[in-house]
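# What the coordinates show
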Amino acid sequence: MSYFERLGAETFRPTPHVGGAWNLEEQHIAPALGLLVHAVESDRDARRDDRLAISRLSYDILGTVPLAPCEVSVTVLRGGRTIELVEAVLGHAGRAIVRLRAWLMRSGDTDAHAGTSLGRIEPPEAFETWDPSSVWPGGFIASVEVRRKQTDTGRATYWVRTAQPLVDGEQVSILASVAGLLDIANGMAVRADPREIAYPNLDLTAHFFRQPTSRWIGFDTAVSFGTDGVGLTSSTLHDVAGPIGTQSQILTIRPY
């Protein structure tokens, strides 16, 4: 079973695999983030044939979304031959819930200059399987495979993948599939018991200096809580060949 089923040109129905972790009656936002990337890429490929690469994903999460059909729209904010800024919006019942702004850039051969000082993490086979449903409920969490090493409170390295297609019957890029897993980072390096304190993220921004080439997505994650109700989850992102970028999520910390 996939995460979403297409009902129309802009309408998608979530399946039980999209069930949330903070509230079982709501969608986990992770699959929706991948759906928005799929929408941006589908719009791009319908308009042009040069396959500009997505280099930044910046999501604002404006609220929660029920396990009900939702609509996705795409708008080109800044068109261009080599660079574009595209916005995709996921909504429900006329209300915008997630806004994505994505920078798309023309690719070129810079292999002679490639390099990074970001450290590599060990490959997936070096990690033990970990069951995230031991901490988090919900259909999305139950749908993923996780291999993890937690090195400290709020600090972990781990790999995540899923066998579930993003959209039923549609070809989806590796980037869109990976984007549908990015939001899991906030719950994989647990700093506090989610039964005692809530710390949902209000946004997620990911930058890619290299496009992912594997369905495994690796994270080196640190979760920080401040003294005034604000937190931050920061990750370095990896595919099986090495680092591909970074991401961050701002948190609202709310003790029960």
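The structure contained in this document is the topic of the report that follows. Computed from a predicted model, the values in this text were never measured in an experiment.

A count of helices and strands for the protein gives three helices and 15 strands. Its C-alpha atoms give the protein a radius of gyration of 18 Å, near enough to 18 Å, the size a compact globule of 256 residues would have. Counting only C-alpha atoms, the protein reaches 50 × 50 × 35 Å along its principal axes. When burial is assessed residue by residue, the protein has 50% of its 256 residues classed as buried. Here the analysis covers contacts within the protein between residues at least 6 apart in sequence; of these, 67% occur between residues at least 24 apart. Of the accessible surface of the protein, which amounts to about 11900 Å², a share of 49% is contributed by carbon and sulfur atoms. With 24 positive and 30 negative side-chain charges, the protein shows a spacing of 4 Å between the two charge centroids.

In terms of nonpolar packing, the biggest core is built from 66 residues, with L57, Y59, L90 and L182 touching the most fellow members. In terms of residue count, the dominant contributor to this core is helix 1 (residues 29-47) (nine residues). Apart from the residues within four sequence positions on either side, L90 is in contact with A32, L35, L36, V65, C70, E71, V72, R95, A96, I97 and V98.

Looking at the element boundaries, Q27 is found in the loop between strand 2 (11-14) and helix 1. Taking the C-alpha atoms as reference points, Q27 and F140, separated by 113 residues in sequence, lie 8.5 Å from one another. Contact partners of Q27, with chain neighbours within four places excluded, come to F4, P14, V18, G20, A32, V65, P66, L67, A68 and C70. A distance of 3.1 Å separates a polar side-chain atom of Q27 from the backbone oxygen of P66.

So, how was this worked out
- Residues numbered from 1 in each chain as written.
- Predicted model: local features only at pLDDT ≥ 70, side-chain atom pairs only at ≥ 80, totals over all residues.
- Heavy atoms only, no water.
- Helix = DSSP H or I, 4+ residues; strand = E, 2+ residues; numbered from the N terminus.
- Rg over C-alpha atoms; globule rule 2.2 N^0.38 Å.
- Buried < 20%, exposed > 50% of the residue type's maximum accessible area, 1.4 Å probe, protein only.
- Contact = heavy atoms within 4.5 Å.
- Areas by Shrake-Rupley, 256 points an atom, 1.4 Å probe, with all protein chains shown as cover.
- Lys, Arg positive; Asp, Glu negative; His and termini not counted.
- Charge placed at Lys NZ, Arg CZ, Asp CG, Glu CD.
- Core = buried A, V, L, I, M, F, W, Y, C linked by side-chain atoms within 4.5 Å.
- Polar contact = N/O pair within 3.5 Å; in protein donor to acceptor, adjacent residues only side chain to side chain.

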